[in-house]
Amino acid sequence: MSTDRQAPEPAAADELAAPGPEGEPTDGSDGVAPPEADPAAGAPSEPPSDTEAAPDAEPDAEGPEAEAPVPSVTDTPADTTADTTAEDAEAEAASDDAAADTAAADAAESGATPTGDAEGATPALSEAAAELAAQKVERERIARRKAEREAPIEAGAKLSGTAADLLAAVRAVESGAQPAPVYFDDAPAAPRPAPAAAPPQPRTPAPVAAVAVGDVDAVRAVLLRGGAPETLAAQAAGVLGEGAAERLAEDPWLLLAVAGVRPTQADGFARALLGPEAGPADERRSAALVGWLLEQAALKGHTALEAPVLEKALAQYGVPDAGEALEQAIGDGTVLVFNEPLDPPGTEYAEGEEPPVRVLVGLEGCALAEESLADGLARLANTFGGAADWEKAATGPGADLIRAVSGHGLVTHTGGEAARAEPAALLAVAREFGLRACLAAHVPHEGAVTVTGLLAGAEGPGRDADGQFALDLLIVLDAPQLDVETAAALVESVPDGARLVLSGDPGVLGSAGPGRVFADVLAARACPQSVSRTPDPGPLGELVSGIGIGELNQVEAPGKEVVIVPVRDAGEAVHRTVQLVSESVPRAFGVPADGVQVITPGHGGSAGTRALNAALKERLNPGPGRFGGFDPGDRVVHVPSPGRALPARVVSADAQGLHLDAAGERIVVPQEQVEARVRHGWAVTAHQAVGARWPAVVVVLPGDAAEALSRDWVYTAFGRAERHLSVVHGVDQALPVAVAQGLPKPRTTRLTGLLRALVASAEQPR
């Protein structure tokens, strides 16, 4: 396969070359966050990562983070190039008003009449009248901005332009000074035909637990005393709970419990409150650091850390006696300690010989979830009533899986995209035999319910009187995406005697949350394992299969299923990506732009999701972004919970929030959650794309992504394409090197050891 170097039309080129993988940013192999860049200590900053917890909780691949001595969320430099002055904006608004008046007169002369709103709530305005209303709101916003600039600057409010508007909106709504609709403008309603049937009722995500205004005010006062931005008050009050202000005043390092706060920032806050008393040897600081380091490790997928690794990390943060500090945290119950045997169960030792163990330290939540999951899996394996005669139905590609499930309560199934037909065949056979069977997937999938919907009771068979699923067989697709807490909740809900099948592709990226459930169950060999022999078809299947074993093969692609587009820099990468999505792929393959998904390593950087989405929006759905940066028709990703990303499209916005359409389901994201839970979705990361597939995929590999490449990232990104894959390639030889050597980062977990111990215990004679 040769390389296409014809710049104008890469998708229609005659020569093809095999693309290579796109990796996620690397981090420390021990799973702990290194100290931030500190002028005093000279410590290196933490590398970026592609963790998919929440849209704005995801680190950016933009380089080291410059940190202030105190936590700061809103104190950022103003974007002077994008922010016009109030006077200029007023002049522009006046000019726009005149144009709008002319448009209104033209509309009146032409006999234009308002049409009903699609939801039938209120009559829609004409485009001219709607534009007048929008200009009126814009003038009010300009007046507010001008008044805010003339007023004294509050702590944490060194902002201008859109950021200042957003901060003012948050403060005004939280204080009750203004209702939310003032800051959440309605867009002009476009005339649309009335739907044939009543639209589905929109679903609103579960609200965040309310915190008393008095508690927030008390925490705000403490934050201001310590020089921290008051915008952290509501979050700190919610995280710390009752008596948050008093606790924070006595122990300033508790601020580390707030998402996004770093140790150097908490140290500065503590010095401002406590003075010289706040030193690196303070026991309160050590205890907070232990918990914070384990939380950071959980974000990287670890459920525990080895004690020496944790001690080393504490020492890097200036704790004088890291071992003693860790012992103190264990004694106080801040963390839990576990001794995990290194030898297999049943190993015999000489008299007086101590078996070798590794000492693990973890947080209570992950520890309890892993132990509950191990017990639940062992329960299903041991309470199965007996084998069933399904031999006559065991035919076709899924025959091995059907035989295994007929005789066991717990089975694992591995394979690529083509292997998904085997669980579907098992589902059909089980229902033919009268079993209550259910298929669940991480993302929406034909014939399946979502794991989240199943657990919530919104999808699937529902629960019986004991609170367990009313089913006899549960098949879980995308099992590698299960974190320990989700997996534990699923397994606990499967009744005794029922069958559970965990199915997935072990080569894809792991879960966004802590744990490596599927890999641990496979490693423990605690149940039968069915391995699919069905290969993924065509050049794409051949390419992805080779990547899975560390080989970047050249494949014959007569139908241009694989195309490589060489680029010199990030700017060219963005330009070529927009060209591929909007022109080349639709013209050459008949795939509309909505069927083309862009995948890139990270959110930040000159060719990250932010830059690509901005360019793609300008080309595919330009607009002013009145709905918190969004317009009707925008393609977005909704993250209702960490690790779950749902593709959706913006419908409208009002006082309730941003209205989305996710595969026919109407979702309303409250205004205060839009910034944290919604991103533009023309370009996503591989973590957001895992489990889903599109007719065509454009994988963008800018030059600064070379260090972020890994085999599992490339395998996941390339495997999302059904018919066509274009690779915007700017990493040269880093691609084949990553496929051959970029193994997935190991995660420290306890599930394999727990399962092996339970299996050995069950096999011992009684």
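Owing to the predicted nature of the structure, the values given are computational and were not obtained by experimental measurement.

Taken together, 5 strands build an open sheet; the order of strands is E15-E14-E13-E12-E16 and the sheet is antiparallel. Only two strands of the sheet have a single partner each, and these edge strands are strand E15 (665–669) and strand E16 (678–680). On average, each strand axis in the sheet is tilted by 40° relative to the strand beside it, whichever way the strands run. Relative to strand E14 (residues 657–662), strand E13 (residues 644–654) runs antiparallel, the two being bridged by 5 bridges. When the bridges of E14 are listed, Asp654 appears paired with Gly657.

Next up on the list: the sheet that holds strand E2 (residues 336–341). With respect to topology, 3 strands assemble into an open sheet ordered E1-E3-E2, the strand pairing being antiparallel. For this open sheet the edge positions go to strand E1 (305–306) and E2, each flanked by a neighbour on one side alone.

So, about the environment of Ala424. You can see Ala424 is positioned in helix H13 (residues 421–432). Its relative accessible area of 38% is what places Ala424 among the partly exposed residues. Considering only alpha carbons, one finds Ala424 and Ile475, 51 residues apart in sequence, at a separation of 9.0 Å.

A few words now on a negative patch on the surface. Residues Glu283, Glu311, Asp321, Glu324, Glu327 and Asp332 make up a contiguous surface patch of negative charge. The residue Glu283 is located in helix H8 (residues 283–299) in this model.

In a regular helix each residue adds 1.5 Å, so 12 residues correspond to 16 Å; helix H19 (residues 609–620) covers 15 Å between its end C-alpha atoms and thus fits that length. Of the residues making up H19, those classed as buried are Thr609, Leu612, Asn613, Leu616 and Lys617. Considered in projection along H19, the buried side chains sweep an arc of 130° and stay on one side of the axis.

This paragraph deals with the packing of aromatic side chains. Under the criterion given, the structure shown has 2 aromatic pairs. Note on Trp292 and Tyr317: the rings are 5.9 Å apart at their centroids and 85° apart in plane angle, and the pair reads as edge-to-face. A residue pair is termed long-range when its members are at least 10 positions apart, and Trp292 in helix H8 and Tyr317 in the loop between helix H9 (307–316) and helix H10 (322–331) qualify at 25 residues. The pair Trp292 / Tyr317 is uniform in exposure class, with both members buried. Each ring, one from Trp390 and one from Phe433, has its centre 5.5 Å from the other, and the planes form 5°; the classification is stacked. Of this pair, Trp390 sits in the loop between helix H11 (364–382) and helix H12 (399–406) while Phe433 sits in the loop between H13 and strand E5 (437–441), and the two are 43 residues apart along the sequence. Taking the relative accessible area as the measure of exposure, Trp390 reaches 5% and is therefore buried. For Phe433, a relative accessible area of 42% corresponds to the partly exposed category. The ring of Phe338 has Arg750 lying over it, and the distance from NZ or CZ to the ring centre is 3.6 Å.

So, on to unusual backbone geometry. Outside of glycine, negative phi angles account for most residues, and trans bonds account for most peptide bonds. One non-glycine residue, Asp478, lies in the positive phi region at around 55°. Relative to the helices and strands, Asp478 resides in the loop between strand E7 (473–476) and helix H15 (484–492). Classification of Asp478 as buried rests on a relative accessible area of 9%. Not every positive phi belongs to a glycine, and Lys560 is a case in point at roughly 55°. The topology assignment puts Lys560 in the loop between helix H17 (538–548) and strand E10 (562–566).

Looking now at the nonpolar core. For soluble globular proteins, nonpolar side chains are generally found buried alongside one another. Ranked by size, the top nonpolar core spans 46 residues in total, and within it Val219, Leu223, Leu248, Phe269, Val290, Leu294 and Leu310 carry the most contacts. Mapped onto this core, the elements with two or more residues apiece are helix H4 (213–225), helix H5 (233–240), helix H6 (244–250), helix H7 (263–274), H8, H9 and H10. In terms of residues, this core owes the most to one element, H8, which gives 7 residues. Once residues within four sequence positions are removed from consideration, Leu310 is found in contact with Val290, Leu293, Leu294, Leu305, Leu326 and Val361.

The next point concerns the environment of Val484. When you line up the elements, Val484 lands in helix H15. Residue Val484 is classed as buried on the basis of its relative accessible area, which comes to 1%. Separated by 183 residues in the primary sequence, Val484 and Gly301 have C-alpha atoms spaced 9.8 Å apart.

Parameters at a glance
- Residues numbered from 1 in each chain as written.
- Predicted model: local features only at pLDDT ≥ 70, side-chain atom pairs only at ≥ 80, totals over all residues.
- Heavy atoms only, no water.
- Pairing = 2+ DSSP bridges.
- Helix = DSSP H or I, 4+ residues; strand = E, 2+ residues; numbered from the N terminus.
- Axes fitted to C-alpha atoms, helices over the stretch in contact; angles between N-to-C directions.
- Buried < 20%, exposed > 50% of the residue type's maximum accessible area, 1.4 Å probe, protein only.
- Patch = residues over 30% accessible without salt bridge, like charges linked within 9 Å, V, L, I, M, F, W, Y side chains within 5 Å.
- Areas by Shrake-Rupley, 256 points an atom, 1.4 Å probe, with all protein chains shown as cover.
- Salt bridge = Lys/Arg side-chain N within 4 Å of Asp/Glu carboxyl O.
- Lys, Arg positive; Asp, Glu negative; His and termini not counted.
- Charge placed at Lys NZ, Arg CZ, Asp CG, Glu CD.
- Expected span 1.5 Å × (residues − 1).
- Arc of directions from axis to C-beta.
- Phe/Tyr/Trp six-rings, centres within 6.5 Å; stacked < 30°, edge-to-face > 60°.
- Lys NZ or Arg CZ within 6 Å of the ring centre and 35° of its normal.
- Core = buried A, V, L, I, M, F, W, Y, C linked by side-chain atoms within 4.5 Å.
- Contact = heavy atoms within 4.5 Å.

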